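For reference, the chains in residue letters:
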Amino acid sequence: MLLAFSAALSTLVGSFYSTYQVQKEQLTSYTLKSNLAYAQKLASATDNFLKSALQQLEYSAKIIEQSPSNSKLLNDEAIRLNHQTDSFNSVVINLHGVVAATSPHFESLIGQQIQSPGAIEALKEKRPLISEPYLSAADNLIVFISHPLFDFEGKYLGYIGGSLYLKEKNILNELLEQHYYKGGSYLYVVSSNKRILYHPEPARIGNVIANNAVIDAVIDGEIGTSTVINSLNKPMLAGYAPITLSKWGIVAQRPLESTLSSLDTLTIEVIEQTIPMALVTFIFIGLFAHFIARPLKRLADNANTLDDPKSLEKLKSVKSWYFESQKLKLAMLREVTLLQAQIGVLRHDSQTDPLTDTHNRRSLNGLLNQLMLKQTPFAILEIDIDFFKRVNDTFGHDKGDETLVSLTNIIKKLSRRDDIVSRIGGEEFVLVLPNENSQSAYKIAERLRKTVESTEINTIGTITISIGIATWPEHSTDIAQVYKCADKALYHAKEHGRNRCVVADIS
Ligand SMILES: Nc1nc2c(ncn2[C@@H]2O[C@H](COP(=O)(O)OP(=O)(O)OP(=O)(O)O)[C@@H](O)[C@H]2O)c(=O)[nH]1
């Protein structure tokens, strides 16, 4: 039963475990792939936005390059660029190293030099640029996108640039938030110097993240998936893709825990639904194991008591309903029958005189004990052949044996069913007569004596016997004393001429 239970249980647990593992792997792989696809899609969308922002700046640059000294044109173009497209939080036109126009308009800035990293880099590089994020004088975290301005002769005039205020509402986070979805998933954008440009938690924008393998990979231009531990020490399933134009990186990720929570719920549901069936199976196993074990147990119980006379009946009553137990039962039945037959023979041999097939002394004593236990009174007739030695001497030992057998037959013939015939010595017999007193026993002894006297035995002729009689409990309640009394009476009979019956005196 234990084996069947443990096999069923381990199969059940094993199948739950392997199903869980396979589904976990599938779910993890699916989430990683979808995060990758999501990161790639947004990287491409951000790339497109940056391209379009640069194109807008290029277009404005071309307009400004036609009349860079027209301050109204410069103002109009700055306002148009800022308001028409929503691509930038602010626009600035820089000519000859100083601010020529801004939108929103800041009068105080006009004619000023700007020392922000974006402005310095634009003036220095003289080419289309997307800056690294930096903090402006007004404490805005800014990404500055700029396009150079050249005159007809190709002489560098300055730049037109648009700013994205990363911590404020801007087109980039509007673009990214559109795709933000629930279930614990989120994405963030990092610059090439590992600064967060976009994050669903605004407080984290501007933070620099070091020691993050995913960020290292994505700013190196790699595309891929990875399981990472985030800043809150939670395992995350991340997909990442670079934004080629700006060398930024987009990471889309989902907590492993929330990815697997649906699987956990599903597994619990499956377990709950399996429990009733499993219980039925276990009950079935239990019952089946019980029915298989029962005949074996009963056969095993009987194996210890095969010498019990009832074991044959007990074995027969075992319901051996399957082949092996049936075979075992038949084998045991065969053995028990054989064993008990042998025990019977041994018991008979140990209790029987082999020559006359009557009880021997051991058996006689047992039977007398039983009579005494049952308080059944009885008489003992001690029978001895007169001058038996002469028979042996005259006719030989074999004929002597035949004489003993003939006398036994006579005694048996005259005995009743309950009488006990036994040979306790060479030519000494004891006949026990239950429920007889001295008088009736004497009459029976006399009848026996006379019958023997008158019976012709082949070759030998006739013999005579002497009989000593004593009774229990009349002569004594001690069986040994009763024997002694019968002995004495027999001796008396022999002494007084043999061929006679004598009842012992009651002392
Ligand atoms: N054939 C045969 N003889 C036996 C057996 N057992 C004892 N005897 C003989 O029985 C005889 C008994 O002789 P005794 O005890 O002298 O007595 P008895 O000759 O019968 O004379 P009383 O008993 O005095 O009348 C002996 O000769 C024994 O050898 C037996 O199993 N077979």
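See the structure above.
Residues numbered from 1 in each chain as written. Predicted model: local features only at pLDDT ≥ 70, side-chain atom pairs only at ≥ 80, totals over all residues.

**Thoughts on the site of the ligand**
Applicable threshold: The criterion for a residue being near a molecule or strand is a backbone-placed C-beta atom within 6 Å of that molecule or strand. Under the scheme used here, helices are H or I runs from DSSP no shorter than 4 residues and strands are E runs no shorter than 2 residues, and both carry numbers assigned from the N terminus. Residues are sorted three ways: Asp, Glu, Lys and Arg are charged, Ala, Val, Leu, Ile, Met, Phe, Trp, Tyr, Cys and Pro are nonpolar, and all the rest, Gly among them, are polar.
Around the ligand lies a shell of 15 residues, among which Asp386, Phe388, Lys389, Gly400 and Gly426 are the nearest. Those elements giving two or more residues to the shell around the ligand turn out to be β12 (378–385), α10 (388–395) and α11 (397–414). Take the shell around the ligand: its biggest share by element is four residues, from α11. The class makeup of the residues in the shell around the ligand is four nonpolar, four polar and seven charged.

**Some points on the packing of helix α6 (residues 256–303) against helix α8 (residues 323–351)**
Helix-helix packing: each pair is described by the crossing angle between the helix axes and the interaxial distance. Stated precisely, the cut-off is as follows: Under this scheme, a helix contributes an axis fitted over its contacting stretch, all axes are lines through C-alpha atoms, and angles between N-to-C directions fall in the 0 to 180 degree range. Each angle is binned into one of four classes, with values under 35 degrees roughly parallel, values over 145 roughly antiparallel, values of 65 to 115 roughly perpendicular, and all other values oblique. With the far helix as reference, a near helix turned anticlockwise by less than a right angle produces a left-handed crossing, and one turned clockwise produces a right-handed crossing. The contact criterion used here is simple: two residues whose C-beta atoms, placed from the backbone, lie within 7 Å are in contact.
Direction vectors running N to C along α6 and α8 enclose 15 degrees, while the axes themselves pass 10 Å from each other. Between α6 and α8, the angle falls in the class roughly parallel. Remark: the crossing between α6 and α8 carries left-handed chirality. Seen from α6, the contacting residues are Pro295, Leu296, Leu299 and Asn302; seen from α8, they are Ser325, Leu328, Lys329 and Met332. Among the residues making up the contact of α6 with α8, the classes are represented as five nonpolar, two polar and one charged.

**Some points on the sheet that holds strand β8 (residues 196–198)**
Quick reminder of the rule: Here the rule is simple: two strands pair whenever DSSP picks up at least two bridges between them.
Read from one edge of the open sheet, five strands run β8-β7-β11-β10-β9, paired in antiparallel fashion. Bordering the open sheet on either side are β8 and β9 (224–229), each of which pairs with just one other strand. Within this sheet the neighbouring strands show an average axis-to-axis angle of 35 degrees, counted without direction. For strand β7 (residues 186–190) and strand β11 (residues 248–255), the ladder comprises five bridges, and the chain directions are antiparallel. Note on β11: the bridge partner recorded for tyrosine 186 is glutamine 253.

**Description of unusual backbone geometry**
Heads up, the condition is: Residues are called buried when their C-beta atom has 20 or more other C-beta atoms within 10 Å, exposed when it has 12 or fewer, and partly exposed otherwise; all C-beta atoms are positioned from the backbone.
Cis peptide bonds are those with omega within 30 degrees of zero, and the linkage from serine 103 to proline 104 qualifies with -5 degrees. Among the secondary structure elements, proline 104 is positioned in the loop between β2 (98–103) and α3 (117–125). At the junction of tryptophan 472 and proline 473, the peptide bond is cis and its omega measures out at 10 degrees in the coordinates. Examined against the element boundaries, proline 473 turns out to sit in the loop between β15 (465–472) and α13 (479–495). Unlike most non-glycine residues, histidine 96 shows phi in positive territory, near 55 degrees. Tracing the chain through its elements places histidine 96 in the loop between β1 (90–95) and β2. What makes histidine 96 exposed here is the crowd of 10 C-beta atoms within 10 Å. Unusually for a residue other than glycine, aspartate 357 sits at a positive phi of about 55 degrees. Relative to the helices and strands, aspartate 357 is located in the loop between α8 and α9 (361–373).

**What to know about the nonpolar core**
Definition in use: Definition of nonpolar core: a set of buried Ala, Val, Leu, Ile, Met, Phe, Trp, Tyr and Cys residues joined via C-beta atoms within 7 Å. Domain extents, as shown, originate in an automatic or database domain assignment.
Counting residues in hydrophobic clusters, the biggest one holds 60 residues, and the most contacted among them are Ala39, Leu197, Ile250 and Val251. For this core, the domains that each give at least three residues are domain 1 (34–163) and domain 2 (171–259). Other than its neighbours up to four places away in sequence, valine 251 contacts Ala39, Leu187, Tyr188, Val214, Val218, Ala238 and Tyr240. Ile411, Ala441, Leu448 and Ile465 belong to the second-largest nonpolar core, a separate cluster that totals 40 residues.

**Remarks on the pairing of strand β6 (residues 156–165)**
Of all 10 residues making up β6, eight are buried, and the element is well covered by its neighbours. Between strand β5 (residues 141–150) and β6, which pair antiparallel one after the other, the connecting turn spans five residues, and glycine 154 there sits at a positive phi close to 85 degrees.

**Quick word on the sheet that holds strand β16 (residues 501–503)**
The five strands are arranged β13-β14-β12-β15-β16 in an open sheet whose pairing can be described as mixed. Edge positions in the sheet fall to β13 (420–423) and β16, since each has one partner strand and no second. Pairwise comparison of adjacent strand axes, ignoring direction, gives a mean angle of 20 degrees for this sheet. Relative to strand β14 (residues 428–434), β13 runs antiparallel, the two being bridged by four bridges. Across the sheet, the residue bridging to serine 422 is valine 430, located in β14. Its contacts with the sheet place α9 against β12, β13, β14 and β15, and it is angled at close to 150 degrees to β13.

**A look at the pairing of β15**
The following threshold applies: Orient the strands so they point away from the viewer; a crossover is then right-handed if the path from the first strand over the helix to the second runs clockwise.
Most of β15 is tucked away, with eight of its eight residues classed as buried. Side chains of β15 alternate between two faces, with Ile465, Ile467, Ile469 and Thr471 and Ser466, Gly468, Ala470 and Trp472 buried alike. Direction of pairing for β12 relative to β15: antiparallel, over a ladder of eight bridges. In the sheet register, isoleucine 380 faces β15, and the bridge partner there is alanine 470. Pairing analysis gives three bridges linking β15 to β16, with the strands arranged parallel. Paired with isoleucine 467 across the bridge in β16 is cysteine 501. Handedness of the β15-α13-β16 crossover: left-handed.

Coordinates in, geometry out; function isn't part of it.
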